[in-house]
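Residue-level structure breakdown
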Amino acid sequence: MPNTLEIYKLQEPDSLATAIANKYVAWDNSRDKWYSNAKETLQNLYATSTHDITNQCHDWDNSTHIPKLTQIRDMLITYYLDAMFGLPDFIDWEAYDTNSTDVATKNTLKNIAKQMLNDSDFKPTIRQLVEDYVDYGNAFATAVPYQKTLGQDLLYAGPKAFRIDPMDIFFDPLASTFEQSPKIIRTTMTLGELMQSAEQFTDDENLFNKALKKAMKKRHQIYNTIAANNKDVIVDDMCRIAGFDSWSTYYASDVVELLTFYGDLYDCDSGKLHKKCRIVVMDRAYVLLEEPIKDYGFGCNIFKAGWRDRKDNLWSMSPLDNIKGMQYMVDFLENKRADVFNFISNPMVVTQGDAEMPEYLFPGCHIGLDTDAKIDFIRPDATALQADLYIQNYLNQMEEMAGMPKEAMGFRTPGEKTAFEVSQLNTAASRLFNEKVHKFELEMLEPLITLMIRIYMSDSNRIVVVKSTTDNGTEYFEEVNLEDIKTQGRFVAIGSSTYTEKAQIAQTLMQMSNTALYADPLVSNWINPEVTAKALIYATGLDKFDGILKKNGRVMSELDMRSTAESANQIMDQQIAQGMANAEQGIM
């Protein structure tokens, strides 16, 4: 009779690690519905035929996939990014007290933030977050230490925005808010990568190195025990860990799973409260590291942006969730119409009696019938070929449900409209879109940038050299002492709001200039042309060009032009006179 091996006894896990592993399993099970829904969304996005998303009943069925869901996804991502970063100044500083309202300090902070975001490759990370925002309905991010080098030169050292894969983060979905819920981030790596990451701890007496050596020793013992008793029965061997289906397979590989816990945790066995700490667990059994979370005013320093929040669950919905059924109907109608057309063009044949006919019918083919023979062609009702109307209706509804502007693709809706009617329709159609962009800025962009600047400025030994621009456009570099700009405040994202505001101002000015009301001298006499010019320059973004706005600039330019023309005429007259004088002297 074979011996029985129990994984739990072989592991001899830490009580704290067991508590974290149990929370991980519970939170993983609680998001099964969201996980299945997210996988279905990805299948629809990257499908090339209906074979990738549905089961075809017959091999001869058409399997065309119209990628409308993918197009909506790509359009939303493009428009979200354009709304947030369409203008150079997409962030602004908001002070918390009167001592932080100095204009020079504000401009210095904005220059530091712009340079920090540019050096840390901020925009590519935000694009990944926006993709998660649309694909999954949930985007998660934090800030991590980062260094950029060029050869031996250090170009940047500071915080970097880091995307957290929604598939790898776990939390209590029933918590009141995401900020109050503890979090667990799962990471898988090879043993070599784990040992290399431990090199940052140079002290051999470091607790992390001690715990890692102990965990690695225990891991080898478990592997050797399982390998030496491969015919024995292993209790509780079934386990979904790091992509493996069993503990025995997991221990036989060189892959290791790490669970990193953030937040507050009470250990029932030891009776100890671990408050605002970061705990790293290996193999769901051994604690490698426990350290306090640095306080920058954001709790665990992990942020979440959700597209459509649920009332009873922290896992938000994606804009694509409610329209996947419509995508199925679009594919269904398109393929059924193609199937009906196939039956019409290649009908079924019913023969009675002795009939001689070719294997495939073709124009001019010969069919031989006996005296009592009969042949009929069965064709389906051609009404199904009119499915285009239903398909187009579904395509339009999908765009509306996802919050895309009516004329996002550049096609105008039917009907004659005045300029003000067009403006009103565009504004109304974009309300949902603008709200979702502003929601992402409020929940993700603003706290993430504020966290990065607080981490960046917390290093008192940092030497900051900021690139600035003078009024005439000349760039120069200046060294900034961080101790001189200790302020209280936060950064706010103004990209989408400013983008919309400027578009509305420019549109209103152009429409107003074409109205009869503006042409009335009694009305236009009350409109200040200088303020109107400033508003137009601001709305069109031309204020970045120094000197474009100048009092009586046209008059001065005309005077300069006339003066230059007169000078040119005088020079020309002098040259003509001199030429005539030279000619007379030559004759004499």
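Residues numbered from 1 in each chain as written. Predicted model: local features only at pLDDT ≥ 70, side-chain atom pairs only at ≥ 80, totals over all residues. Heavy atoms only, no water.

Across its full length, the protein chain carries 18 helices and 20 strands. Here the protein chain, with 588 residues, has 38% of them falling under the buried criterion. Contacts spanning at least 24 positions in sequence make up 70% of the contacts within the protein chain whose residues lie at least 6 apart. (Helix = DSSP H or I, 4+ residues; strand = E, 2+ residues; numbered from the N terminus. Buried < 20%, exposed > 50% of the residue type's maximum accessible area, 1.4 Å probe, protein only. Contact = heavy atoms within 4.5 Å.)

On to the nonpolar core, then. Judged by nonpolar contacts, the single largest core of 64 residues is most densely connected at Tyr80, Ile126, Phe440 and Leu448. Among the elements that make up this core, the one with the highest residue count is helix α13 (residues 431–457) (twelve residues). Grouped together as the second largest cluster of nonpolar side chains are 28 residues, Met189, Phe208, Leu258 and Tyr286 included. (Core = buried A, V, L, I, M, F, W, Y, C linked by side-chain atoms within 4.5 Å.)

Side chains of Trp60, Phe343, Met348, Val350 and Ile378 sit close together on the surface and give an oily, nonpolar patch of about 500 Å² of accessible area. Mapped onto the fold, Trp60 is located in the loop between α3 (32–45) and α4 (68–85). (Patch = residues over 30% accessible without salt bridge, like charges linked within 9 Å, V, L, I, M, F, W, Y side chains within 5 Å. Areas by Shrake-Rupley, 256 points an atom, 1.4 Å probe, with all protein chains shown as cover. Salt bridge = Lys/Arg side-chain N within 4 Å of Asp/Glu carboxyl O.)

Attention now moves to a negative patch on the surface. Judged by side-chain charge, Asp354, Glu356, Asp370 and Asp372 come together as a negatively charged surface patch. Position of Asp354 among the secondary structure elements: in the loop between β14 (348–352) and β15 (355–356). (Lys, Arg positive; Asp, Glu negative; His and termini not counted. Charge placed at Lys NZ, Arg CZ, Asp CG, Glu CD.)

This paragraph deals with unusual backbone geometry. A positive phi angle, near 55 degrees, is found at Asp121, a position not held by glycine. For Asp121, the location among the structural elements is in the loop between α5 (103–119) and α6 (122–135). Look at Asp121 and you get partly exposed, because its relative accessible area is 31%. Positive phi is not limited to glycine here, since Arg284 has a value of about 55 degrees. Within the element layout of this structure, Arg284 appears in the loop between β11 (272–282) and β12 (286–292). For Arg284, a relative accessible area of 10% puts it in the buried group.

Let us now look at the pairing of strand β4 (residues 153–164). Within a regular strand, side chains alternate between the sheet's two faces. Sheet topology places strand β3 (residues 138–150) next to β4; eleven bridges connect them, and they run antiparallel. Its bridge partner lying in β4, Phe140 is registered against Ile164. The loop that links β3 with its antiparallel partner β4 comprises two residues; one of these, Gly151, has a positive phi angle of about 70 degrees. (Pairing = 2+ DSSP bridges.)

Moving on, we get to the environment of Tyr296. As for its position among the elements, Tyr296 is in the loop between β12 and β13 (303–306). The exposure class assigned to Tyr296 is buried, which follows from its relative accessible area of 17%. Between the alpha carbons of Tyr296 and Thr450 there is a distance of 9.2 Å; along the sequence they are 154 residues apart. If sequence neighbours within four positions are ignored, Tyr296 has contacts with Asn301, Leu451, Arg454, Ile455 and Ser458.

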